[in-house]
Amino acid sequence: MATEGGGKEMNEIKTQFTTREGLYKLLPHSEYSRPNRVPFNSQGSNPVRVSFVNLNDQSGNGDRLCFNVGRELYFYIYKGVRKAADLSKPIDKRIYKGTQPTCHDFNHLTATAESVSLLVGFSAGQVQLIDPIKKETSKLFNEERLIDKSRVTCVKWVPGSESLFLVAHSSGSMYLYNVEHTCGATAPHYQLLKQGESFAVHTCKSKSTRNPLLKWTVGEGALNEFAFSPDGKFLACVSQDGFLRVFNFDSVELHGTMKSYFGGLLCVCWSPDGKYVVTGGEDDLVTVWSFGDCRVIARGHGHKSWVSVVAFDPYTSSVEESDPMELSGSDEDLQDLLHFGRDRANSTQSRLSKRNSAESRPVSVTYRFGSVGQDTQLCLWDLTEDILFPHQPLSRARTHTNVMNATSPAAGSTGNSVPTPGSAAPPPLPRSNSLPHAAVSSAGSKGSVADGAVAAGVSKFATLSLHERKDRHHDKEHKRNHSVGHVSSKSSDRLNLVPKARADPAKALGTPLCPRLGDVPLLEPLICKKIAHERLAVLIFLEDCIVTACQEGFICTWGRPGKVGLLSAPNQATSPGGTVV
């Protein structure tokens, strides 16, 4: 975990970092931005977002990149780690007046070398369907803002569909659209379809089929992001009220919920096999939630400010067993999602199902995920089997469990788990990056000293107070010191000091909905590096690299170990525009 000390080292922006796989390196020649490369003044602007699509063309360079900066939207050929970026010739560039693009998504199912469907959401509530290759604008949805007047926070095509897409707004509503249908000239009238705890779904009442097909009202406050499960059957939503809600998308049933430690949840993602959901938000934590058990299984503390993006790395997540790992997906998956890890995820998923059915010897499971935040830091995390399967290694060394102040045997068992001898990883890396495990794996006679130190650290963190926070607009910039890492821990009694208007969330603390910090394992990041001057807003894992972006509008490519050397000096010289860093 990164040291908390000050000085130049903490403020220095890193251009490389090392994990067990090797060296990740920033590639300056692969940086994308506005053509003039001038940092964008991001004050008051919407977050920069990046979308990728592969056009499956014959050239072998089918990757395309879309990103928004302020009022501008750019569409480039993405050359990745192999060739230098040419910013002089965007395939398409659009500048909008009176509104700003806030999010976008490609339809991977219909993308070809000649045509691609791109949805763009806007700050005034509209959604535009464009084709950046043909430079066409097909349709504009919610044009008169009769459906919703608030900012679009997230837009995504429904998995497996060529025409359905889902749009979330800061009003807390989500709408299901069909690109073939119109929106109508009058405001829609709705009829209740299904209602549950903190959500309601309505259908649109009209003589002829029109958009929206469905209206979802979820929680209180803005609906900040949603994500479909890898199989497309479930939908995870995070809201400003601090709740994660997971729905069965087709049956419109609530599968499970989780509450943040405090503040709103801002981002969400699924593990490649759909077994775990990770969230991040205004409590500066990343939280791992088990889809099968509907409970929090771990939290991670490494950020010093709000967590803006979480994402799994399907190329590093692994299931090790006696057979060599086959990285093969079906041909259809490969066609559709080659650069998004679905093929690797399928392989991982099949092995995890074997793990769940095989009672004898557990295989070695590691999920890798990352997070970026407003503290300008990138964190990488490993979720290992001692956290995922805490009931397997019931050992005598578990006498340290009481330092976690567990409220139940199940919660206690997640506190300190010892890896089984058969599942030990090869040396260079310890089996887990969780604080409790670090205590247990201490060597020999020094174990009790290390246990004491870790117990003290965990106990101190577990008593951090939920400070009173004045209601303020969620778009305001987060104060750097107003975070979990800096909250006074003088009195654990202040945990109950929550404004009475928010009584229900306060009651959730200490329950399975929102366990106390000491009730679940506390992960520490494998790496925690400051990689930008401005707050980070993008984290995407590709096969050859990791892509990050900050609010200044710079999209950075980090070459994976062994991939950096693929770009040679002649390639830079022969890049079409002769762009230099």
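Since this is a predicted model, take the numbers as computed values, not measurements.

Novice: How do you make sense of the overall build of the protein chain when you look at a structure like this?
Specialist: A count of helical and extended segments in the protein chain gives nine helices and 33 strands. Residues counted as buried form 55% of the 581 residues belonging to the protein chain. A separation of at least 24 residues holds for 59% of the contacts in the protein chain among residues at least 6 apart in sequence. Of the roughly 25000 Å² of accessible surface on the protein chain, 51% is carried by carbon and sulfur atoms.

Novice: Would you mind showing me how to read the UniProt feature "repeat: WD" (unreviewed entry) in the protein chain here?
Specialist: Using the residue numbers shown here, the UniProt feature "repeat: WD" (unreviewed entry) corresponds to residues 258-290. As a span, residues 258-290 carries 0% helix and 61% strand, and end to end its C-alpha atoms are 10 Å apart.

Novice: What is the right way to look at the pattern of salt bridges in this model?
Specialist: Close approach of charged atoms allows side chains with opposite charge to pair. In the structure shown here, the tally under the stated rule is 14 salt bridges. Here Asp 313 ties to Arg 560 by a salt bridge, and the two come within 2.9 Å at their closest N and O atoms. You can see Asp 313 sitting in the loop between strand E25 (307-312) and strand E26 (318-320) and its partner Arg 560 sitting in the loop between strand E33 (555-559) and helix H9 (569-573), a full 247 residues away along the chain. As far as the burial class goes, Asp 313 and Arg 560 line up, both buried. Between Arg 535 and Glu 534 there is a salt bridge, and its shortest N-O distance comes to 3.6 Å. For Arg 535, a relative accessible area of 18% gives the class buried. Among the charged side chains, a salt-bridge network with shared partners connects Arg 20, Glu 21, Arg 368 and Asp 382.

Novice: Honestly, the sheet that holds strand E23 (residues 285-290) in this entry has me stumped. Any pointers?
Specialist: Across a sheet, paired strands are connected by hydrogen bonds in the backbone, their directions being either parallel or antiparallel. With respect to topology, five strands assemble into an open sheet ordered E21-E22-E23-E24-E29, the strand pairing being mixed. The open sheet has two free edges, formed respectively by strand E21 (265-270) and strand E29 (522-523), since each of these has just one partner strand. The sheet contact formed by strand E22 (residues 276-281) and E23 spans five bridges and is antiparallel. Note on E23: the bridge partner recorded for Tyr 276 is Ser 290.

Novice: Where do I start with the pairing of strand E28 (residues 377-384) in this structure?
Specialist: The two faces of the sheet receive side chains in turn, since in a regular strand these alternate between them. Most of E28 sits inside the fold, with eight of its eight residues counted as buried. Looking at chain direction, strand E27 (residues 364-373) and E28 are connected through seven bridges and run antiparallel. Note on E28: the bridge partner recorded for Tyr 367 is Leu 383. Hairpin geometry of E27 and E28 is characterised by an intervening segment of three residues between the two adjacent antiparallel strands and by a positive phi of about 65° at Thr 376. Pairing of E28 with strand E30 (residues 527-530) involves four bridges; the strand directions are antiparallel. Its bridge partner lying in E30, Gln 377 is registered against Lys 530.

Novice: Looking at this structure, how should I read unusual backbone geometry?
Specialist: Note: most residues except glycine have negative phi, and most peptide bonds are trans. In this structure, the amide linkage connecting Asn 211 to the following residue, Pro 212, adopts the cis form with an omega of -5°. Here Asn 142, not a glycine, exhibits a phi torsion of approximately 55°, which is positive. As for its position among the elements, Asn 142 is in the loop between strand E10 (136-141) and strand E11 (152-157). Residues other than glycine seldom take positive phi values, yet Arg 145 does so here, at roughly 60°. Mapped onto the secondary structure, Arg 145 falls in the loop between E10 and E11.

Novice: Any chance you could explain the environment of Val 547 here in plain terms?
Specialist: If you trace the backbone, Val 547 turns up in strand E32 (residues 545-550). Val 547 gets classed as buried once you look at its relative accessible area, which sits at 0%. With 12 residues separating them in the primary sequence, Val 547 and Gly 559 have C-alpha atoms 8.9 Å apart. Aside from chain neighbours lying at most four places away, what touches Val 547 is Phe 52, Tyr 78, Val 538, Leu 539, Ile 540, Leu 542, Ile 555 and Cys 556.

Novice: What exactly am I supposed to notice about the pairing of strand E4 (residues 63-69) here?
Specialist: Within E4, seven of the seven residues are buried, which leaves it mostly tucked inside the rest of the structure. Residues of E4 alternate between two faces, with Asp 63, Leu 65, Phe 67 and Val 69 on one and Arg 64, Cys 66 and Asn 68 on the opposite face, all of them buried. As judged from the five bridges shared by strand E3 (residues 50-54) and E4, these two strands associate in the antiparallel manner. Bridging across to E4, Ser 51 finds its partner in Cys 66. Joining the antiparallel neighbours E4 and strand E5 (residues 72-77) is a turn of two residues, in which Gly 70 adopts a positive phi near 60°.

Novice: Mind showing me how you'd approach the sheet that holds strand E19 (residues 243-248) here?
Specialist: Taken together, four strands build an open sheet; the order of strands is E17-E18-E19-E20 and the sheet is antiparallel. Two strands in the sheet have a free side with no partner beyond their single neighbour: strand E17 (223-228) and strand E20 (253-259). The average undirected angle you get between the axes of adjacent strands in this sheet is 20°. Judged from the five bridges that link them, E17 and strand E18 (residues 234-239) form a sheet pairing that is antiparallel. Looking at the pairing, Phe 228 lines up with Leu 235 of E18.

Novice: Whenever I open this one, the packing of aromatic side chains confuses me. Can you help?
Specialist: Each aromatic ring pair is summarised here by two numbers: the centre-to-centre distance and the angle between the ring planes. Overall, the coordinates contain 26 aromatic pairs when judged by the stated rule. Ring centres of Trp 157 and Phe 165 lie 5.8 Å apart, and the angle between their planes is 70°; on these two criteria the pair is classed as edge-to-face. Both residues of the pair, Trp 157 and Phe 165, belong to the buried class. In this structure an aromatic cluster arises from ring pairing among Tyr 32, Phe 52, Phe 67, Tyr 74, Tyr 76 and Tyr 78. In this structure, Lys 156 is placed above the aromatic ring of Phe 226, and the distance from its NZ or CZ to the ring centre is 5.6 Å. Here the guanidinium or amino end of Lys 259 rests over the ring plane of Phe 243, the centre of that ring lying 6.0 Å away.

Novice: Even after reading the chapter, I still don't get the side chain of Ser 163, so can you show me in this structure?
Specialist: With respect to the secondary-structure elements, Ser 163 resides in the loop between E11 and strand E12 (164-169). Setting aside its immediate chain neighbours within four residues, Ser 163 contacts Trp 157, Tyr 177, Asn 178, Val 179 and Glu 180.

Novice: Can you help me understand the side chain of Ser 271 in this one?
Specialist: Its location among the elements puts Ser 271 in the loop between E21 and E22. Judged by relative accessible area, which is 0%, Ser 271 ranks as buried. Of note is the side chain of Ser 271, whose polar atom sits 2.7 Å from the side chain of Asp 273. A polar contact of 3.1 Å, which involves the side chain of Ser 271, links it to the backbone nitrogen of Lys 275.

Novice: I tried to follow the environment of Asn 54 on my own but got confused; where do I start?
Specialist: Secondary-structure assignment places Asn 54 in strand E3. The spacing of Asn 54 and Thr 112 is 58 residues in sequence and 8.3 Å in space, taken between C-alpha atoms. At 2.9 Å, the side chain of Asn 54 and the side chain of Asp 63 are in polar contact.

Conventions we followed
Residues numbered from 1 in each chain as written. Predicted model: local features only at pLDDT ≥ 70, side-chain atom pairs only at ≥ 80, totals over all residues. Heavy atoms only, no water. Helix = DSSP H or I, 4+ residues; strand = E, 2+ residues; numbered from the N terminus. Buried < 20%, exposed > 50% of the residue type's maximum accessible area, 1.4 Å probe, protein only. Contact = heavy atoms within 4.5 Å. Areas by Shrake-Rupley, 256 points an atom, 1.4 Å probe, with all protein chains shown as cover. UniProt positions renumbered as here; feature names shortened; annotations may be inferred. Salt bridge = Lys/Arg side-chain N within 4 Å of Asp/Glu carboxyl O. Pairing = 2+ DSSP bridges. Axes fitted to C-alpha atoms, helices over the stretch in contact; angles between N-to-C directions. Phe/Tyr/Trp six-rings, centres within 6.5 Å; stacked < 30°, edge-to-face > 60°. Lys NZ or Arg CZ within 6 Å of the ring centre and 35° of its normal. Polar contact = N/O pair within 3.5 Å; in protein donor to acceptor, adjacent residues only side chain to side chain.

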